Amino acid sequence: MKILGIESSCDETAFAVVESNGRVLSNVIASQIDIHARFGGVVPEIASRAHLEAIPSLFENVLAEASVSMDYIDAIAATQGPGLSGCLLVGFEFGKGLALRYQKPFIPVHHIVGHVESVFLGTEEDAWQSNLSNSSTISERFEPYLALVISGGHSSIISVPNQHEYKILGQTMDDAVGEAYDKIAKLLGLPYPGGPVLDKRAQKGDPESFKFPLPLTNNSEYKKGCMFSFSGLKTAVAREVEAERRKNKSEELSESFIIDIAASFQKTAVSSLIQRIENALDIFPTKRLALAGGVACNSEVRKQFQSHFSDIKIAIPKPEYCTDNAAMIAGVGATIYESQKNSSSFHNLQLNVKPSWSVEDFPNLS
Ligand code: KG4
Ligand code: ZN
C-alpha cells in the first residue's frame, strides 16, 4: 500500500510517498527558511503564498522520485492541523482536490501525531524497527511508548498506550524549546533558525560557565510534574547578555562568550527535558521512548538521553524525519487507513483545517 502525504502547517512545504511498512519511497521538501530568515521568524501571509508557489513542482517531483503515478497511490493523507490556518489550508485543499480528481480516499492527519509516529519511518537502521521483519506494517510493529515532541512550536510529552490513542502528560506553559533556541540565537546575533547554530556553538563552549536554574523546580506543585517552561530560562540568558554588553560597552559579543552561554543554556534546557521525562516515566512506566520534532536533531539531546536512560529503548528518527516533513504524515495516514479501510469518512471532502487541535481528539473517524 502506498500513501501520498502532504504537509504545509508552518514553513515547510512537503510531499512524500510512504508504504505501510514505513518505507519512504520519496520525501521532498521546499523549505522557506531563507524567505523568513530576514524577519527572524515565520511570517504567516508570506508562508502561505510560498506554499502555493511550491506545491505544483513538489507534487511532480514526489511522484517522479518514487517512480509511481497517481494510479499506484492508494490514499492521500494531509495535515489538517494544528498550525497556521492559511498555511494548512493550502496543502489540505490541494490534497482534497487530488482526492476528488483521482477518486482516492482522503485521510486528515494531526501534525503532532505525525511527529510522535515518525519513529516508525525508514529502514532497519533508522529509528524503531522491532524484531518483526521489515516487511511487517507499522501497525504490526506497534507497542506502547512514551513520546517527547520537541520542536519550534511544541514541547509535549505524549503517552501512546494503544495504537491511535494519544494522551498528553505535559506540555509547555510558555515557549516551546525550539522557540527558546531561536529567540536566544537571535539575542546573540545568530541567524534563524537558531537551534542548529546554537547547538554547534554549544559544543565548543563550557556548560559550567553560567549557572541557570532548572525551570519549575522551585515550585513543589510543578517539581514532580511533566509541564515545561522555557521563558524564565530565556530571560535569565537575556540578562547575562545585557550585562555582558554593558560591561564591554559594546553590542558586539565575543565568540568565547557566545559559545559558553550557548553551552550553559543547552545544558539547562536538556536537563529540564530529562527531568520531565523522569517524572513522566513514573506516571507511564515504559521501556520505549521516542524523541521527535526538530530539537530531537540536537547533539546534546541525543547524547544525554541515550546515556541517562540507558535501560530504555530510545528511538530518534533520522534528522530529515525529525524536522517537519510529509513522510510522517503519510506514515500516520497508512495506519489510519489500514484500521478503517471501508470507512465512508475517507470520502468526506467537506472537512476544514483545524489550526488548534489537541492530539487527544485524533483520530476522529465517526
Ligand atoms: O519540527 P520542526 O521542523 O518544526 C516545528 O514543527 O516547529 O522544528 C523546528 C525547530 C526550530 O525551532 C529549530 O531551531 C529547532 O527545531 N532545531 C534545533 C536543532 N535543529 C532544529 N534545535 C536545537 N538543536 C538542533 N540541532
Ligand atoms: Zn512540526
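Here the structure is a predicted model, which means the values were calculated and not measured.

Taken together, 20 residues lie near ligand 1, and Gly152, Asp182, Gly195, Asn298 and Asp324 sit nearest. Between ligand 1 and glycine 153 there is a distance of 3.1 Å, counted from an oxygen atom to a backbone nitrogen or oxygen. In isolation ligand 1 has 550 Å² of accessible area, and contact with the protein removes 89% of it. For the shell around ligand 1, the secondary-structure elements that each account for two or more residues are helix 4 (111–117), helix 5 (177–187) and helix 6 (194–204). Among the residues forming the shell around ligand 1, the class breakdown is six nonpolar, eleven polar and three charged.

Spatially, five strands are ordered 8-7-6-9-10 in an open sheet, and the strand pairing comes out mixed. Taken across any chain shown, the strands that pair with only one partner, and hence form the sheet edges, are strand 8 (165–171) and strand 10 (313–315). The average angle at which neighbouring strand axes cross in this sheet is 25°, direction not considered. Here five bridges tie strand 7 (residues 155–162) to strand 8, and the two strands are oriented antiparallel to one another. Across the sheet, residue isoleucine 158 finds its bridge partner in strand 8, namely isoleucine 168. Strand contacts of helix 9 (residues 255–283): strand 6 (145–150), strand 7, strand 8 and strand 9 (288–292), with the helix running at about 155° to strand 6, the strand carrying the most contacts. Packed onto the sheet, helix 10 (residues 299–308) meets strand 6, strand 9 and strand 10 and runs at close to 175° relative to strand 9.

Calculation notes
- Residues numbered from 1 in each chain as written.
- Chains lettered and ligands numbered in written order.
- Predicted model: local features only at pLDDT ≥ 70, side-chain atom pairs only at ≥ 80, totals over all residues.
- Heavy atoms only, no water.
- Near = heavy atom within 4 Å.
- Polar contact = N/O pair within 3.5 Å; in protein donor to acceptor, adjacent residues only side chain to side chain.
- Areas by Shrake-Rupley, 256 points an atom, 1.4 Å probe, with all protein chains shown as cover.
- Helix = DSSP H or I, 4+ residues; strand = E, 2+ residues; numbered from the N terminus.
- Nonpolar A, V, L, I, M, F, W, Y, C, P; charged D, E, K, R; others polar.
- Pairing = 2+ DSSP bridges.
- Axes fitted to C-alpha atoms, helices over the stretch in contact; angles between N-to-C directions.
- Contact = heavy atoms within 4.5 Å.

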